[in-house]
Amino acid sequence: MSHLRSRKIVDLNIIKLDSLLKVIETSIIPLTQKSVKNGNKIFGASILYKHDCSELLSAVNNEIESPLWHGEMSALKRFYELTNRPKPKDLIFLSTHEPCSMCLSAITWAGFDNIFYFFSYEESKDDFAIPHDLLIMKEVFSLKTGEYRRKNHYWESYSVAELIPLQPAKKRSLYYERFNDIKKAYVNLSNVYQKNKNENNIPLA
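Owing to the predicted nature of the structure, the values given are computational and were not obtained by experimental measurement.

Draft legend 1. Structural view of the packing of helix 2 (residues 71–80) against helix 3 (residues 101–110). Between helix 2 and helix 3, whose axes approach to 9 Å, the crossing angle comes to 20°. Here helix 2 is positioned roughly parallel relative to helix 3, judged by the angle of their axes. In this structure, helix 2 meets helix 3 at a crossing whose hand is left-handed. Note on element contacts: helix 3 touches helix 2 through Met102, Cys103, Ala106, Ile107 and Ala110, opposite Glu72, Met73, Leu76 and Tyr80.

The following block contains the structure:
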């Protein structure tokens, strides 16, 4: 079995950046605003249809219920609770933050062939004071910089920022503005989480 697929899994030119940003802006952020007030981290995820990039569902971190309910895990739980769920190969998996090793494995086992994320591991550590993704990669898997294989037999992983250069030149500045607005929103969400995290019971707060 080859480590790399002979075909390209995801055609970035058909992924609608506007739709990915919109689901973060209008679905994930409002859910996260409620979630962080309860003591949860700022992570969220959405599952979208490939054919038109419309939203199927969104979910956010719920670690106060279980440390396993990361945003991605919550989304996968909701997805597999659907009665008439689409095939994972027909869907986009979008995460606000680069998925941790647990979530990467779960997304793989769930059958998705792509992962898009907004913030990187480094941003989680440096901007949001949540270093555990990189630390686990280093301590458990000896990946000092978190460099897993982003194109492998199972899926391809991309930063949402990689889609900006593919947009028409006249629209790129608007997308950069939206990126910055989303980043500002997450700074505010992070401040709420950091303020309240000592009151929760999350093992890796």
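Draft legend 2. Seen up close, the pattern of salt bridges. A complete count under the given rule lists eight salt bridges for this structure. Between Glu63 and Lys41 there is a salt bridge, with the nearest N and O atoms lying 3.0 Å from each other. Within this pair, whereas Glu63 is found in the loop between strand 2 (55–60) and helix 2, its partner Lys41 is found in the loop between helix 1 (17–37) and strand 1 (44–49), the two being separated by 22 residues in sequence. The class for Glu63 is buried, based on a relative accessible area of 6%. We classify Lys41 as buried; its relative accessible area is 3%. Between Arg150 and Glu98 there is a salt bridge, with its nearest N and O atoms 2.5 Å apart. With Arg150 in the loop between helix 5 (132–141) and strand 5 (156–159) and Glu98 in the loop between strand 3 (91–97) and helix 3, this residue pair connects regions lying 52 residues apart in the sequence. Judged by its relative accessible area of 2%, Glu98 is buried. Sharing partners across several salt bridges, the network here consists of Asp18, Glu25 and Arg178.

What counts and what doesn't
Residues numbered from 1 in each chain as written. Predicted model: local features only at pLDDT ≥ 70, side-chain atom pairs only at ≥ 80, totals over all residues. Heavy atoms only, no water. Axes fitted to C-alpha atoms, helices over the stretch in contact; angles between N-to-C directions. Helix = DSSP H or I, 4+ residues; strand = E, 2+ residues; numbered from the N terminus. Parallel < 35°, antiparallel > 145°, perpendicular 65-115°, else oblique. Left-handed = near helix turned anticlockwise from the far one by under 90°. Contact = heavy atoms within 4.5 Å. Salt bridge = Lys/Arg side-chain N within 4 Å of Asp/Glu carboxyl O. Buried < 20%, exposed > 50% of the residue type's maximum accessible area, 1.4 Å probe, protein only.

So, to be careful, I would describe these as geometric facts and stop short of saying anything about function.
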